[in-house]
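Geometric and topological summary
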Amino acid sequence: MSAVTAPTAKESGLDSVRALQHALYRTAKADPGRRFHALRDKVCRRDLLERAWVNVRRNGGAAGIDRTTIAVIEQHGVSRLLDELATDLQDGSWRPLAARRVFIPKPGTVELRPSSIPTVRDRVVQAAAKIVLEPIFEADMADCSFGFRPRRAAHDALQVLIDEPWRGRRWVVATDIANCFEAIPHEKLMQAVEERVCDQSVLKLLRVMLRAGVLSDGQVHRPVTGTPQGGVISPLLANIYLHRIDRSWNGREHGVLVRYADDVVVMCSTRVQAEAALARLTALLADLGLEPKAAKTRIVHLTVGGEGLDFLGFHHRLVRSDGRRTGKHVTFLARWPTGQGHAARPRPAPGTHRAVPAAAACRGDRGADEPVPARLVRVLPVRKLRETLRQDHRLRTAASDAHHLQASQTQSGMGPFGGVLPVTELPGPDRP
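What counts, and at which threshold
- Residues numbered from 1 in each chain as written.
- Predicted model: local features only at pLDDT ≥ 70, side-chain atom pairs only at ≥ 80, totals over all residues.
- Heavy atoms only, no water.
- Helix = DSSP H or I, 4+ residues; strand = E, 2+ residues; numbered from the N terminus.
- Buried < 20%, exposed > 50% of the residue type's maximum accessible area, 1.4 Å probe, protein only.
- Contact = heavy atoms within 4.5 Å.
- Areas by Shrake-Rupley, 256 points an atom, 1.4 Å probe, with all protein chains shown as cover.
- Phe/Tyr/Trp six-rings, centres within 6.5 Å; stacked < 30°, edge-to-face > 60°.
- Lys NZ or Arg CZ within 6 Å of the ring centre and 35° of its normal.
- Pairing = 2+ DSSP bridges.
- Axes fitted to C-alpha atoms, helices over the stretch in contact; angles between N-to-C directions.

Regarding the overall build of the protein
- If you tally the helices and strands in the protein, you get 17 helices and eleven strands.
- Considering the protein as a whole, with its 432 residues, one finds that 48% of them fall into the buried category.
- Taking all contacts inside the protein whose residues are at least 6 apart in sequence as the whole, residues at least 24 apart take part in 72%.
- When the accessible surface of the protein is summed, it comes to about 21,000 Å², and 52% of that surface belongs to carbon and sulfur atoms.

Regarding the packing of aromatic side chains
- In the structure shown here, the tally under the stated rule is one aromatic pair.
- Arranged with centres 5.9 Å apart and planes meeting at 45°, the rings of F148 and Y260 form a pair that is tilted. With F148 in the loop between helix 7 (120-138) and helix 8 (154-163) and Y260 in strand 6 (residues 256-260), this pair connects stretches of sequence that are 112 residues apart.
- The ring of F146 is capped by R152, whose NZ or CZ atom sits 4.8 Å from the centre of that ring.

Some remarks on the sheet that holds strand 5 (residues 219-221)
- In space, the four strands of this open sheet follow the order 2-1-4-5, with mixed pairing throughout. Every interior strand has two partners, whereas the edge strands, strand 2 (112-117) and strand 5, have only one. Averaged over all adjacent pairs, the angle separating strand axes in this sheet is 45°, with direction ignored.
- Both strand 1 (residues 99-105) and strand 4 (residues 214-216) contribute to a ladder of two bridges, which runs parallel. When the sheet's bridge partners are listed, A99 is paired in strand 4 with V214.

What to know about unusual backbone geometry
- Not every positive phi belongs to a glycine, and R67 is a case in point at roughly 65°.
- Its place among the elements puts R67 in the loop between helix 4 (46-59) and helix 5 (70-76).
- For R67, a relative accessible area of 61% puts it in the exposed group.
- Its identity is not glycine, yet A261 carries a phi of approximately 60°, on the positive side.
- The residue A261 is located in the loop between strand 6 and strand 7 (263-268) in this model.
- Residue class for A261 comes out buried when judged on its relative accessible area of 7%.

Here we look at the pairing of strand 10 (residues 314-320)
- When you tally the buried positions in strand 10, you get five out of seven residues, the bulk of the element.
- Sheet analysis places strand 9 (residues 309-311) next to strand 10, joined by three bridges and oriented antiparallel. Paired with F311 across the two strands is F314, which belongs to strand 10.
- Here strand 9 hands over to strand 10 after two residues, with L312 in that stretch at a positive phi of 55°.

What follows is the structure, encoded as structure tokens:
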């Protein structure tokens, strides 16, 4: 394979870090079998560490076990910190401290979600590694994955749930992956990373991050599983591992898969297909050393007046408009925040309420003697409902525009990391 070079940031119209990311993405996309063997020098680059610091500072967050906050680092000098990190990464002496374990209440439940807070210093290194590795693995990611990916959001996943019932897929498998971030085996995860990366120094860096452990109750625990939630690079590593599910999924046989990190939904045409999809999903998870959460695993048939499902903070239910204005009864999937609608109270008997499109309720498409439907009043006050619908319309429009933009970029050779660069080579010494 011939050696190639990427254009400079000035020539491409991108900053140097974005140009590097786009070169990595285009190279990985052009050669799905390529393994990258010279990445350490890129993780150590000063401009890349500066970008990593900007990302960490923007996200904020608490201090780790060393009690050093972002404000303290800014007071003592950011340049000094980045110089020290660059030196430690170049000579291989960087070692992370254990993360501080805290427990965060899950909204709407009494459960507590474990979260691990690395030190600010370690978060900068994780962010630098993510900047380099993300475009390589993003080139392989499937369209059914929406969580923690560039130019993808929860509303893109929700849009799939809205579209598929129109295509006849109204049997839904909904589940969570039990204790996903804490149960991913380190060795199998590294095998997934090694499919694309063979730079031993970078692989060693990732192993050190995984084995840093967590400080809980005064003791440091170093389990052999898990990419603890709270780390900058944890969502990327989880997506790399769970991508094995995405690429093994047969949409024609088992239905449309929608995955947002560890939340999974499968849209199916029949109950038989839904049961087969659940069995297939369970088998794929077992191969990865994971399992679905029994309490949240269910098969739902979306029907007017029937039950709904919870997904990504919303309760989804099939409703039907009364057709007062158009004369047509439109069946569609409505949603509202979990715990504020039907999911929080007993389901009414079929036919005991009239479903009205939310937009029609806001416009006042009802007789003068007709109040706002009781089911909508209990969901949200009318004034707040208007604001929510306007915001939802803007988000849907933005999601639709982003989808069309991403499709056009894919066809034209562009990726999620900026403008067009020739499919040539990586900058720096990474030559085949």
